[in-house]
Amino acid sequence: MGGRVIRVARGWSVVLGVVAGVSLLLPAAPAAAHNSLTGSDPKNGARVATAPKRVELKFLASPAPATTKITITGPDNVPAAGGAPTFAGNRVSVPFTPGAAGLYIVAYRVGSADGHPISGEIRFTLTTGTAAAPPSATATPTTAAPTTAAPSTPATSAVSPTPAAGEVDSDGGTGWLWAVGVAVALVALGGGLLLRRRSARG
């Protein structure tokens, strides 16, 4: 009787142990189905003086190329990805085209085994960037506005308000001669009349 009880107890202990083990594994299965980022190069928050040739992301599970999207942007939201991503197991690499010094953001979106996508980003700072192109040394010629010379004022000769002396003397002399001639003619005529009267009386 006692041996039977012991065997039954042992059987139940085995059953309970199996149930407990299954209950511990069940919550872990969905968690393992989700993908996640496990590392990157450059690391998140890193400060680098030499720009890497590519940015690499490492995931818990191999991401599917069809559902993976990775972008890299630099200062002023300038794109810095130099091509399409390449896949090698659970690693994804994206060619990096450095620009100005500053903060670079790598944003990713990948699918999971359970169909639930995950997304996130890493950030790193490039301390030395590509120098900006110098401005052109050739200056644009400017057209000078033609200068307009002020019109010259023609010199005006001063006009005398009085007539010329020759003209005044010429007019005045001519009138005086006519007056003398008329007076002489009158005297001669009067003298002739007196002579004729006297001769007629005598």
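Presented here is an overview of the structure given in this document. (Residues numbered from 1 in each chain as written. Predicted model: local features only at pLDDT ≥ 70, side-chain atom pairs only at ≥ 80, totals over all residues. Heavy atoms only, no water.)

### Things to note about the sheet that holds strand β5 (residues 86-88)
Let me state the cut-off plainly: Any two strands with at least two DSSP-identified bridges between them are counted as paired. Here a strand is any run of E in DSSP of at least two residues, a helix any run of H or I of at least four, and the numbering for each starts at the N terminus. All axes here are fitted lines through C-alpha atoms, helices being fitted over the stretch that makes contact, and every angle between N-to-C directions spans 0 to 180 degrees.
Strand order in the open sheet formed by four strands is β1-β3-β6-β5, with antiparallel pairing between adjacent strands. Only two strands of the sheet have a single neighbouring strand rather than two, namely β1 (37-41) and β5. Strand-to-strand twist in this sheet, taken as the mean axis angle between neighbours without regard to direction, amounts to 20°. When strand β3 (residues 54-59) meets strand β6 (residues 91-95), the two strands line up antiparallel, connected through five bridges.

### Let's talk about the pairing of strand β8 (residues 118-126)
In the sheet, strand β2 (residues 47-48) pairs with β8 via two bridges, with the strands oriented parallel. Within the sheet, the bridge partner assigned to R47 lies in β8 and is T125.

### What to know about the sheet that holds strand β7 (residues 102-110)
Reading across the sheet, the four strands line up as β2-β8-β7-β4 and stay open at both edges, with mixed pairing between neighbours. With partners counted over all chains shown, the strands left at the sheet margins are β2 and β4 (69-73), one partner each. In this sheet, β7 lies alongside β4 in antiparallel orientation, the contact comprising five bridges. In the sheet register, I72 faces β7, and the bridge partner there is V106.

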